[in-house]
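Chain and residue survey
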Amino acid sequence: SSLASDSVVFQTTTSSQSRSNKQPDKQPNNQTNNQLTMTKEQLQLSLYASQLKNVAGIAKGTSDPFAIVTLLANEPNETPRVLGKTEVIKNSLSPNWTTAFLFDYELGKETHVNVQVIDEVRKTSDKPMGSAVFEIGDVLGSPGSVKAKKFKKGGILYARVQKAAPKSAGKLALRLRGIKLKNVEGMFKKSDPFFEVRRTYAGPGGGSWTPVYRSQHVKNNLNPKWGPATIDVNVLCDGNLDRRLQVSIWDHEGDGKHDSMGAFETSVNELLKAAGSGTFTSKKGSKSYGTIAVDECKITGADTSTSETVIVNSAAADPSIPVMPVAQFGNMNLGGGAATPPRKPTFVDYISGNCELNMCVAIDFTGSNGDPRRPGTLHHFSPSGQMNGYEKAIAGVGNILAKYDIDQRFPVYGFGAKYGGIVRHCFQVGQEKEVHGVKGILDAYRGVFKTPLTMSGPTVFAEVIPFAAAQAKSRLQTHPLSYTILLLLTDGAVTDVQATKQALASIADAPLSIVIVGIGNADFSAMQFLDDFEKRSNMNRDIVQFVQFNAHEFDKTSLTRATLEEIPDQLVQFFHTRGIMPQPGNNISTSRIPVEDYNEEADIDLSMDYGADGEIALNADQPAAFIDNSYEAGLGGVKIMAPPSTNSQGYNPDATAPVMTTPAMAPPSTN
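Let us look at the structure shown here. What you are looking at is a predicted structure, and each value in this text was computed from that prediction instead of being measured. (Residues numbered from 1 in each chain as written. Predicted model: local features only at pLDDT ≥ 70, side-chain atom pairs only at ≥ 80, totals over all residues. Heavy atoms only, no water.)

1. Thoughts on the overall build of the protein chain
In terms of helices and strands, the protein chain carries twelve helices and 33 strands. Relative to all contacts within the protein chain whose residues are 6 or more apart in sequence, the contacts with residues 24 or more apart total 73%. With the model as given, the accessible surface of the protein chain reaches about 27,500 Å², and the carbon-plus-sulfur share is 48%. (Helix = DSSP H or I, 4+ residues; strand = E, 2+ residues; numbered from the N terminus. Contact = heavy atoms within 4.5 Å. Areas by Shrake-Rupley, 256 points an atom, 1.4 Å probe, with all protein chains shown as cover.)

2. A few points about the packing of helix α6 (residues 389–401) against helix α11 (residues 556–564)
Closest axis-to-axis distance for the α6/α11 pair is 10 Å, and the angle between their directions is 65°. When the axes of α6 and α11 are compared, the pair comes out roughly perpendicular. Considering the relative orientation of α6 and α11, their crossing is right-handed. Side by side, α6 and α11 meet where Lys392, Ala393, Gly396, Val397, Ile400 and Leu401 of the first sit next to Lys556, Leu559, Thr560, Thr563 and Leu564 of the second. Partitioning the contact of α6 with α11 into residue classes produces six nonpolar, three polar and two charged. (Axes fitted to C-alpha atoms, helices over the stretch in contact; angles between N-to-C directions. Parallel < 35°, antiparallel > 145°, perpendicular 65-115°, else oblique. Left-handed = near helix turned anticlockwise from the far one by under 90°. Nonpolar A, V, L, I, M, F, W, Y, C, P; charged D, E, K, R; others polar.)

3. So, the pattern of salt bridges
A complete count under the given rule lists 26 salt bridges for this structure. Put simply, Glu41 and Lys163 hold a salt bridge, and the shortest N to O gap is 3.7 Å. In this pair, Glu41 is assigned in strand β2 (residues 41–50) and Lys163 in strand β9 (residues 156–163), connecting sequence segments 122 residues apart. Each of the two residues, Glu41 as well as Lys163, counts as buried. Close ionic contact of Glu553 with Lys392 constitutes a salt bridge, the shortest N to O distance being 3.5 Å. Placement of Glu553 in the loop between β28 (544–548) and α11 and of Lys392 in helix α6 is noted, with a sequence separation of 161 residues between them. A relative accessible area of 25% places Glu553 in the partly exposed class. Salt bridges here are not isolated pairs; linked through shared partners, they connect Glu391, Lys439, Asp443 and Arg446. (Salt bridge = Lys/Arg side-chain N within 4 Å of Asp/Glu carboxyl O. Buried < 20%, exposed > 50% of the residue type's maximum accessible area, 1.4 Å probe, protein only.)

4. A short note on the sheet that holds β28
Ordered in space as β23-β20-β18-β26-β27-β28, the six strands form an open sheet in which the pairing is mixed. Of all the strands in the sheet, the pair left with one neighbour each is β23 (427–428) and β28. Two strands pair when backbone bridges link them, and strand β27 (residues 512–518) and β28 are joined in this way by five bridges, in the parallel orientation. Looking across to β28, one finds that Gly518 is bridged to Gln548. Sheet strands touched by helix α8 (residues 464–478): β18 (356–364), β20 (412–415), β26 (482–490) and β27. Its angle to β26, the strand with the most contacts, is close to 165°. Against the sheet, α11 touches β27 and β28, its axis set at about 155° to β28. (Pairing = 2+ DSSP bridges.)

5. Comments concerning helix α7 (residues 437–447)
Taken across its eleven residues, α7 has eight buried, putting it largely inside the fold. Turning to α7, its buried residues are Gly437, Val438, Gly440, Ile441, Leu442, Ala444, Tyr445 and Arg446.

6. Things to note about the packing of aromatic side chains
For the structure shown, the criterion picks out 20 aromatic pairs. Ring geometry for Phe381 against Tyr445: centres 5.4 Å apart, planes inclined by 80°, an arrangement best described as edge-to-face. Highlighted residues: Phe381 in the loop between β18 and α6 and Tyr445 in helix α7, separated in sequence by 64 residues. Residue classification places Tyr445 among the buried positions, given a relative accessible area of 0%. Here the aromatic cluster, defined as three or more aromatic residues joined through ring pairs, consists of Phe365, Phe381, Tyr390, Tyr419, Phe427, Tyr445 and Phe449. Taking the ring centre of Phe66 as reference, the NZ or CZ of Lys85 above it sits at 4.9 Å. The positively charged end of Lys149 is found above the aromatic ring belonging to Phe134, 5.9 Å away from the centroid. (Phe/Tyr/Trp six-rings, centres within 6.5 Å; stacked < 30°, edge-to-face > 60°. Lys NZ or Arg CZ within 6 Å of the ring centre and 35° of its normal.)

7. Some remarks on the sheet that holds strand β4 (residues 81–85)
With antiparallel pairing, four strands are arranged side by side in an open sheet as β4-β3-β6-β7. Edge strands, defined here as strands with exactly one partner in the open sheet, are β4 and β7 (127–135). The mean inter-strand angle of the sheet, taken between neighbouring strand axes irrespective of direction, is 25°. In terms of strand pairing, strand β6 (residues 112–119) meets β7 through eight bridges, oriented antiparallel. Across the sheet, residue Val115 finds its bridge partner in β7, namely Ala132.

8. Focus on the nonpolar core
Among the nonpolar cores identified, the biggest contains 85 residues, and Leu45, Leu47, Val113, Leu157, Phe365, Leu453 and Leu571 are the most heavily contacted of them. Here the element with the most residues in this core is α6; it accounts for seven residues. Leu172, Cys237, Phe264 and Cys297 belong to the second largest nonpolar core, which has 30 residues in total. (Core = buried A, V, L, I, M, F, W, Y, C linked by side-chain atoms within 4.5 Å.)

Printed below as a string of structure tokens:
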């Protein structure tokens, strides 16, 4: 089979029209009438695998793997669908696919994909080699924006995401010709040369050359004239025309074990200068293996405007496994004309550029929450295991933010309770200064009622907010790209509005955003002062978002989108106005990427229908393409379930929630 294949960039989007009925407004008294304006970016997913199990069969050679990517459904009104498949890599158990998949990314909305690797068998049925489920934000938040998972049958699948280019850098039209190449085939045969254009990328596994384009091979010819290559410049070099590239020459072998015929390093700019008359020497070590002439090289179709619109291309050449962090924000000059100004980095640029996202939680223990021993009160723990509002907010928002916190250590504070007869407006919750994981936050919250605590009042934010800001500033001293989100949960309006305003104004220079979630049925109209407070108080940035939990109680995605919608812009504004830019990732070996074990409940082979026209679709009776999106499910990892049913009261994911074990609760102290 041919080495060259048309590259495919698959795109998935959700129209704003289909989402409008799920998007609440941030206003305290009108949270479901207006559509959220989310900070949305496009991410590009690429895949490669290593040490796959050979399923071809005895005496049938080596498997020819390709991957099918399926977007799983997260909500009752969503339908799972196959996004597409990669090219087939012949005779390889460590395939490096070039096909890319694009996703709309929002911080507050999870996107799960199933990746199924299959051995192509031409005369009989294809054979599954393994499946894995990835959440796109989870991959983005991992070191180097790479995540790896084991297959049940053996082998490891790697998923990598990077930000899709904000605009097209055009296509590189390239024609190369070999002159007197060295024959590596043997005495009585001639080599069948083809070439690859390769690049490196930052992050884990980024030190090696990765193919971006493969040409067709030319049989029995040491002076080959290869056909024209068309390569997306964004994929090739991220629009940086001086980025180092490698052109490697190979002798094609049917078993996939191709022999090297040398290589040379260059850049797009050097290839452009060599067009028509320039040559390069292909070397293997210090020995020459012949000459490569550049008969044609030019860039066409580049977008030279300053627009930030994302342009998705179906390139005519193989895109590479893409780079992870996009850490270069300098000018791009396509040869002629003035350089465009550097673009402003985005949230994804910072997250993939070594930004450390931290979360801390503050919980309201004032007496207005009610006696936690009584069902129906806000801190009551149900014997059935159904979460209360505080637990749901922690689980829903916490599981999103935890994806971007490398050490998974979270401080938990309380306010509005008495210890030793003294009202405390900022005290440690739990036995440790920082607990591990979202489960640790919930355990610390539940365990506080075993301590000699008296639920008291008033509702005061003016101590916990400055304390969280001080901790955020302290982290910034040791990590210049550290940013903190304070998740503050309360059952009522703040008592001293003026003191809260002063506290907020005093911490405007901190690397901190505050998300306040109102729990229960209280009148939160007094919290209206939080909206546009920064404008009326001459603060230089917006750092507060208020959301009423009851408007989203039965829709976790609605809650997380409403609470986190402003975080990306707040983070970018803080760093960019201070001249702090994303950092380049560090190149480390692929062997150092953490590998997750196979998840029997999630990593399931999907049943596919193959159309006569080559189209792939999910089997109509497909029970394993829906994500359990309940608040409880997120604590134990991804779970796949049958299609959720709906009823007149709306989708309630807690109706079938598994029973959870809750700790015994001591009565509040009466000291």
